[in-house]
Amino acid sequence: MLKYFSTLWKARDFAEANCLLQELLIVFDREAHQDGPGGDQYCVVNQEGIDHLDQMNWDYDIVEGWG
């Protein structure tokens, strides 16, 4: 799962509402940030999403974990 948000607060709300079902991380997607201001740059991911980002060699930083 890769679910993008424009603000950290929106990403936190989504992660908090959905973390009962699975462990989630909020990452800051540097690739999306470089695409321009105002873009969706905070991403809520599960383990499959992290695996996908790693396979694509995307630059990201883990911001928070939920679960």
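Residues numbered from 1 in each chain as written. Predicted model: local features only at pLDDT ≥ 70, side-chain atom pairs only at ≥ 80, totals over all residues. Heavy atoms only, no water.

Participant: Quick question: what am I supposed to make of the overall build of the chain here?
Facilitator: From N to C terminus, the chain includes 3 helices and 4 strands. Listing every helix and strand of the chain by position from the N terminus yields β-α-β-α-β-α-β. Counting over 67 residues, the chain shows a buried share of 33%. Sequence separation of at least 24 residues holds for 67% of the intrachain contacts in the chain that already meet a minimum separation of 6. With an accessible surface of roughly 4,400 Å², the chain has 49% of that area assigned to carbon and sulfur atoms. (Helix = DSSP H or I, 4+ residues; strand = E, 2+ residues; numbered from the N terminus. Buried < 20%, exposed > 50% of the residue type's maximum accessible area, 1.4 Å probe, protein only. Contact = heavy atoms within 4.5 Å. Areas by Shrake-Rupley, 256 points an atom, 1.4 Å probe, with all protein chains shown as cover.)

Participant: I keep staring at the sheet that holds strand β2 (residues 24-29) and nothing clicks. Help me out?
Facilitator: Whether parallel or antiparallel, the strands of a sheet pair through hydrogen bonds between backbone atoms. As summarised here, the arrangement of the 4 strands in space is β1-β3-β2-β4, forming an open sheet in which the pairing is antiparallel. One side of each edge strand has no neighbouring strand; the edge strands of this open sheet are β1 (2-5) and β4 (60-66). Neighbouring strand axes in the sheet, compared pairwise and without regard to direction, differ in orientation by 25 degrees on average. Pairing between β2 and β4: 6 bridges, direction antiparallel. (Pairing = 2+ DSSP bridges. Axes fitted to C-alpha atoms, helices over the stretch in contact; angles between N-to-C directions.)

Participant: Would you explain the nonpolar core in this entry?
Facilitator: Generally speaking, nonpolar side chains in soluble globular proteins are found buried as a group. The biggest cluster of nonpolar side chains holds 11 residues, and these are F5, L8, A11, A15, C19, L24, I26, F28, Y42, V44 and W66. Going through the elements one at a time, α1 (8-18), β2 and β3 (42-45) are the ones with two or more residues in this core. In terms of nonpolar packing, the next biggest core, distinct from the first, is built from 6 residues, V27, V45, I50 and L53 among them. (Core = buried A, V, L, I, M, F, W, Y, C linked by side-chain atoms within 4.5 Å.)

Participant: Would you mind going over unusual backbone geometry with me for this structure?
Facilitator: Negative phi values dominate among residues other than glycine, just as trans dominates among peptide bonds. Phi is positive for N57, which is not a glycine, with a value near 60 degrees. Tracing the backbone shows N57 in the loop between α3 (47-55) and β4.

Participant: Just checking my understanding: could you explain α3 for this structure?
Facilitator: Along an α-helix, a turn takes 3.6 residues, which lines up residues three or four apart on a common side. Every buried residue of α3 is listed here: G49, I50 and L53. On an axial view of α3, the arc spanned by its buried residues comes to 100 degrees, and they lie on one face. With respect to the buried face of α3, the exposed residues turned more than 90 degrees away are Q47, E48 and Q55. The opening residue of α3, the one whose side-chain oxygen lies 3.3 Å from the backbone nitrogen of E48, is N46. Where α3 terminates, the next one or two residues include N57, which has phi positive at roughly 60 degrees. (Arc of directions from axis to C-beta. Polar contact = N/O pair within 3.5 Å; in protein donor to acceptor, adjacent residues only side chain to side chain.)

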